[in-house]
Amino acid sequence: GQQVMQIPQYQHVQEGEDFTTYCNSSTTLSNIQWYKQRPGGHPVFLIQLVKSGEVKKQKRLTFQFGEAKKNSSLHITATQTTDVGTYFCAGPSRAGGTSYGKLTFGQGTILTVHP
Amino acid sequence: SAVISQKPSRDICQRGTSLTIQCQVDSQVTMMFWYRQQPGQSLTLIATANQGSEATYESGFVIDKFPISRPNLTFSTLTVSNMSPEDSSIYLCSADRGGNEQFFGPGTRLTVL
């Protein structure tokens, strides 16, 4: 079945350093979504990428969707302690070519930021 | 974005009992989903709950263990039946308003003794 792999599993950075997490799918995706889960919280939708090669920015966050629509990345510039949490990528699950709205989540990258 | 509430937020239950988790959305949504998440782990989809039809379960999850109701477009329940310590986890509901992205409830932290 479809797999969404995410690396690294953990990332520890000093405040001010940059951070990147990578997501790879075993199949071509119609779109890819990114979510952030703060410690003790629930996943919160960040963004959706749809087009091949798409790049979107949210302040210090830059999201990219690969040309083949099988990989994606999230880059945070100059991390802050408020960036702490787990970042998940997610792609539509496929069943007979139809996703029915279901998502397959990557394993997540746990980001720790040391002040 | 949708606002989703879950009840209870946490519970401690005895082995062999059942717990029903409620999920309420502040607006009508077509699709609702139930997930399980172990601390520090990713989200595992249990089932998809659509109004007016039987829930669709993922591999490894069965209706007898996790019966789901979806009586209307704003509400769903998940029951964890005949619980064992292995069912201890965080249970999350989510909703899709048609734009692909999902909005999650705050979760129910279940501990089974």
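Only a predicted model underlies this, so the values are computations on that prediction, with no experimental measurement involved.

So, on to the state of the cysteines. Residues and elements named next belong to chain A. The tally for this structure, following the rule as stated, stands at 2 disulfides over all chains. Residue Cys23 pairs covalently with Cys89 via a disulfide, S to S 2.0 Å. Sign of the S-S torsion, about 75 degrees for the bond between Cys23 and Cys89, identifies this disulfide as right-handed. Residue Cys23 is located in strand S3 (residues 19-25), and its partner Cys89 is located in strand S9 (residues 85-92); the two are separated by 66 residues in the primary sequence.

For the rest of this paragraph, the subject is the interface of chain B and chain A. How big an interface is tends to be reported as the loss of accessible area on association of its parts. Each partner contributes residues to the interface: chain B has 20 residues there, and chain A has 17 residues. Taken together, the two surfaces of chain B and chain A that pack against each other cover about 1,400 Å², and 54% of this comes from carbon and sulfur. Notably, a salt bridge pairs B:Glu58 with A:Lys102, separated by 2.9 Å at the nearest N-O pair. Applying the counting criterion to the chain B and chain A interface returns 5 residue pairs in polar contact (both at pLDDT 80 or more). Secondary-structure elements contributing two or more residues to the side of chain B that touches chain A are strand S4 (31-37), strand S5 (43-50), strand S9 (89-96) and strand S10 (102-104) of chain B. Broken down by class, the residue content of the side of chain B that touches chain A amounts to 8 nonpolar, 9 polar and 3 charged.

Our next topic: the packing of aromatic side chains. Overall, the coordinates contain 9 aromatic pairs over all chains when judged by the stated rule. With 6.2 Å between their ring centres and 85 degrees between their planes, A:Phe88 and A:Phe105 make a pair best called edge-to-face. Residue A:Phe88 is located in strand S9, and its partner A:Phe105 is located in strand S10 (residues 103-105); the two are separated by 17 residues in the primary sequence. Classification of A:Phe88 by relative accessible area gives buried; the value is 1%. By relative accessible area, A:Phe105 is classed as buried at 8%. Taken together through their ring pairs, the aromatic side chains of A:Tyr35, A:Phe45, A:Phe88, A:Phe105, B:Tyr35 and B:Phe104 make up a single cluster.

Conventions adopted
- Residues numbered from 1 in each chain as written.
- Chains lettered and ligands numbered in written order.
- Predicted model: local features only at pLDDT ≥ 70, side-chain atom pairs only at ≥ 80, totals over all residues.
- Heavy atoms only, no water.
- Disulfide = S-S within 2.5 Å.
- Helix = DSSP H or I, 4+ residues; strand = E, 2+ residues; numbered from the N terminus.
- Contact = heavy atoms within 4.5 Å.
- Buried area = accessible area lost by both parts, 1.4 Å probe.
- Salt bridge = Lys/Arg side-chain N within 4 Å of Asp/Glu carboxyl O.
- Polar contact = N/O pair within 3.5 Å; in protein donor to acceptor, adjacent residues only side chain to side chain.
- Nonpolar A, V, L, I, M, F, W, Y, C, P; charged D, E, K, R; others polar.
- Phe/Tyr/Trp six-rings, centres within 6.5 Å; stacked < 30°, edge-to-face > 60°.
- Buried < 20%, exposed > 50% of the residue type's maximum accessible area, 1.4 Å probe, protein only.

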